[in-house]
Every structure is written in C-alpha cells, then in structure tokens.
Amino acid sequence: MLDTPSRMSPKELWQRIKKGRAAYSAVYAGLTPRQMTQRPGPQDDWSVKDQIAHLIWWENLAMLRAPLQLAGEETGTINNLDEINAQVLAQSEAMTLDEVLAVFEANLARLKALCAGISDELLNDKASKRRPPYWILVTDTFEHYAEHQPDLERYVASLKKKKKV
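For the structure given in this document, a descriptive report is provided here. Everything numeric here is computed off the predicted structure, so don't read it as measured data.

Rules of the game
- Residues numbered from 1 in each chain as written.
- Predicted model: local features only at pLDDT ≥ 70, side-chain atom pairs only at ≥ 80, totals over all residues.
- Heavy atoms only, no water.
- Helix = DSSP H or I, 4+ residues; strand = E, 2+ residues; numbered from the N terminus.
- Rg over C-alpha atoms; globule rule 2.2 N^0.38 Å.
- Buried < 20%, exposed > 50% of the residue type's maximum accessible area, 1.4 Å probe, protein only.
- Contact = heavy atoms within 4.5 Å.
- Areas by Shrake-Rupley, 256 points an atom, 1.4 Å probe, with all protein chains shown as cover.
- Lys, Arg positive; Asp, Glu negative; His and termini not counted.
- Charge placed at Lys NZ, Arg CZ, Asp CG, Glu CD.
- Axes fitted to C-alpha atoms, helices over the stretch in contact; angles between N-to-C directions.
- Parallel < 35°, antiparallel > 145°, perpendicular 65-115°, else oblique.
- Left-handed = near helix turned anticlockwise from the far one by under 90°.
- Nonpolar A, V, L, I, M, F, W, Y, C, P; charged D, E, K, R; others polar.
- Phe/Tyr/Trp six-rings, centres within 6.5 Å; stacked < 30°, edge-to-face > 60°.
- Lys NZ or Arg CZ within 6 Å of the ring centre and 35° of its normal.
- Salt bridge = Lys/Arg side-chain N within 4 Å of Asp/Glu carboxyl O.

1. Overview of the overall build of the chain
The secondary structure content of the chain amounts to 8 helices and 0 strands. The secondary structure elements of the chain, listed N-terminal to C-terminal, are α-α-α-α-α-α-α-α. Against the globule reference of 15 Å for 165 residues, the chain gives a C-alpha radius of gyration of 17 Å, in line with a compact fold. Dimensions of the chain, computed from the C-alpha atoms along their principal axes, are close to 55 × 30 × 25 Å. Within the chain, the fraction of its 165 residues that count as buried is 45%. Long-range contacts, defined as pairs at least 24 residues apart, comprise 78% of the intrachain contacts of the chain with a sequence gap of at least 6. With the model as given, the accessible surface of the chain reaches about 9,200 Å², and the carbon-plus-sulfur share is 54%. Looking at charge distribution, the chain has the averaged site of its 22 positive side-chain charges lying 7 Å from that of its 22 negative ones.

2. Focus: the packing of helix 1 (residues 10–28) against helix 3 (residues 48–70)
Two numbers describe how helix 1 lies on helix 3: the axes approach to 12 Å, and their chain directions differ by 165°. One element, helix 1, and the other, helix 3, form an angle in the roughly antiparallel class. For the element pair helix 1 and helix 3, the recorded crossing hand is left-handed. The segment helix 1 lies against helix 3, with Arg21, Tyr24 and Tyr28 engaging Val48, Gln51, Ile52, Leu55 and Glu59. Partitioning the contact of helix 1 with helix 3 into residue classes produces 5 nonpolar, 1 polar and 2 charged.

3. Re unusual backbone geometry
Of the consecutive residues Arg39 and Pro40, the connecting peptide bond is found in the cis state with omega at 0°. Summarising the element assignment, Pro40 is placed in the loop between helix 2 (33–37) and helix 3.

4. Brief notes about the packing of helix 3 against helix 4 (residues 81–93)
With their axes 9 Å apart at the nearest point, helix 3 and helix 4 run at an angle of 120° to one another. By the criterion of interaxial angle, the relationship of helix 3 to helix 4 is oblique. Between helix 3 and helix 4 lies a crossing whose hand is right-handed. On helix 4, the residues touching Lys49, Asp50, Ala53, His54, Trp57 and Trp58 of helix 3 are Leu81, Ile84, Asn85, Val88, Leu89, Gln91, Ser92 and Glu93. By residue class, the composition of the contact of helix 3 with helix 4 is 7 nonpolar, 4 polar and 3 charged.

5. Side note on the packing of aromatic side chains
Where two aromatic rings form a pair, the distance of their centres and the angle of their planes describe that pair. Following the criterion strictly, the structure yields 6 aromatic pairs and no others. Judged by centre distance (6.4 Å) and plane angle (85°), the ring pair of Phe104 and Tyr145 falls under edge-to-face. Here Tyr145 lies in helix 8 (residues 142–164) and Phe104 lies in helix 5 (residues 97–116), a separation of 41 residues in the sequence. Pair check on accessibility: Phe104 and Tyr145 agree, each one buried. By the ring-pair criterion, three or more aromatic residues cluster together here, those being Tyr24, Tyr28, Phe104 and Tyr145. One Lys or Arg, Arg21, reaches over the ring of Phe104 and ends 3.5 Å from the middle of that ring.

6. What to know about the pattern of salt bridges
Side chains bearing opposite charge may pair, as long as their charged atoms lie close to each other. Applying the stated rule across the entire model yields 6 salt bridges. Of the charged contacts, one joins Arg154 and Asp151 as a salt bridge, the two residues approaching to 2.4 Å between their closest N and O atoms. Residue Arg154 and its partner Asp151 are both found in helix 8; the two are separated by 3 residues, about one turn of the helix. Taken together, the shared-partner salt bridges in this structure form one network comprising Arg39, Asp50 and Glu93.

As structure tokens, then:
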C-alpha cells in the first residue's frame, strides 16, 4: 500500500489518481503495438494490453461501487479474484489495443468527473463502514497502478535489453 492518508479531499484523490496513471502510462510509452500485445508480457499470461484491460475493469467496478457506498449502500466484498481476472483476460482478447487504450483514456475523464462531484464530507464519511468511501477509489486506481507497475517496468526493461543484444 502506498502512503495513503486516513483522510483525503476529492481534489487530492484526483491528483493521486492522475499522478499514478501518468507514472504507469509513462512506462509503456513508446512501445510498439506488437510489444503491447505480445505474451508473455508483464506477466506470463498477460500482455501490456491485457494488464491495462485488467486495470480498466477494476476502475469501472470502483466507479460503480463508490457512488453506491456514498449513498450509504453496502457494496459487499469481492471474492474469486483469479476467476474475475480470467474473465477480464478473455474479455480483453476481444478488444483491439486501440480500443483498450481509448477506454483507459476515457476512464480517466470519468474518474475526474466522479472526484469533482463528491463532497469532502461524503468522500471521508465513516458512518457504519469499515473504511471511508474513498478507499474503493484508492485501491482500484492509483494503488492498483502501483501494484502492477513493477511488472510492467521489468517487461519494458527486458525489451530494452533484447534490443541492445
């Protein structure tokens, strides 16, 4: 987990999402479409495109769950992560690289709008919840990017080594 404070303003949340996304995206900047879609990639069974599709799925879930939690509804827990990730991988295979990148970019605008539309009080409300609502967005955005970034960095570094040989 990153150094995430126990309270966060909507503006700070947005800044961290934007910064985390920029750091993650900078790692794959300049890769060719082939390098973005080949397997193995950042993980043995995932290409860069697949990893981005995975991040998209979790961002979309966060953008669905956060408003529910903000409205006082319970959002439950997510189980069977391996099963979910396998389904996401299958879905990403049906999308082109351009489609995945377009959705990833569109999600950034949606996340910005969501952050802009949340009051500080609601975002940090702990009433009858284990964690304040912003945690859904934290864990499924900038903390999630940071979780996958080291694998992506290793992959990109391996491509650069192959190029030098």
